[in-house]
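# Fold and contact review
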Amino acid sequence: IYLPKFGSSEHVRIRDCHVQGFSGQGIYVGGSYVVIEANRVEQCAEWGIYVALGAVRCVVSKNSVENCSTSGSFADGIGIYVLGDDARVSDNYAVVMNDTAGVGAYVVGLALNAARCTATGNNVNAVGSGGATIRGILFGLASVGSCVAIGNHMNGKGFTDLVGGNFCEVTHGNVP
């Protein structure tokens, strides 16, 4: 599902879709005020759900992402990748298994590279080899404005906060 930044791509709801087996992202959102809810995304070569830079106030909730981000052409393996500011990411299930990401790359269940985003109640797992850094949730370089993670469950890999990830808060109820 491709929802670009231009045209009538704002105030849209993507719900109850089953996306399977694509060579790109399963769901790509560039517009603002988009709700991505209760979808199943599986076996896509790139990121399962991607909220692009410039998208504002999107909601990513109750989705299942499995076996995505397996392409050898992508440096990082990411289940749900949020670049849009003021995003609310909650109650998602994401499993990423990427053995092609090597040293210097990341394999991540949920990547938050945005300002003022909130992650609550997500269950994320990341598995990889080849020297990649494995994380359940990753606060990226652009996470500069009060990102918060509450009550998330990860596969023992926990959080990382990269340089520039200022004012991010990992609070109660998270299970590494």
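Keep in mind that what you see is a predicted model, and the values were worked out from it rather than measured. (Residues numbered from 1 in each chain as written. Predicted model: local features only at pLDDT ≥ 70, side-chain atom pairs only at ≥ 80, totals over all residues. Heavy atoms only, no water.)

### Here we look at unusual backbone geometry
This is how the line gets drawn: Numbering of helices and strands runs from the N terminus; a helix is a DSSP stretch of H or I covering at least four residues, while a strand is a stretch of E covering at least two. Buried residues are those whose accessible area, probed at 1.4 Å on protein chains only, stays under 20% of the maximum for their type, while exposed residues exceed 50% and partly exposed ones sit between those limits.
The backbone of Asp-16 shows a phi angle near 60 degrees, a positive value even though the residue is not glycine. Here Asp-16 shows up in the loop between strand S2 (13–15) and strand S3 (18–20). By relative accessible area, which is 56% here, Asp-16 ends up exposed. A positive phi angle is found at Asp-91, which is not glycine, with a value near 55 degrees.

### Digging into the environment of Val-65
Condition: Whether two residues are in contact is decided by their heavy atoms, any of which lying within 4.5 Å being enough.
Here Val-65 shows up in strand S9 (residues 64–68). With 44 residues separating them along the chain, Val-65 and Gly-109 place their C-alpha atoms 9.1 Å apart. Residues within four places of Val-65 in sequence aside, it is in contact with Val-41, Gly-48, Ile-49, Gly-79, Ile-80, Tyr-93, Ala-94 and Val-95.

### Quick look at the sheet that holds strand S18 (residues 153–154)
Here is the rule we go by: Two strands pair under a simple rule: DSSP has to find at least two bridges between them.
Overall, parallel pairing links the six strands, which are arranged S3-S6-S9-S12-S15-S18 in an open sheet. Edge positions in the sheet fall to S3 and S18, since each has one partner strand and no second. Relative to S18, strand S15 (residues 123–128) runs parallel, the two being bridged by two bridges. Following the sheet pairing, Val-124 is matched in S18 by Met-154.

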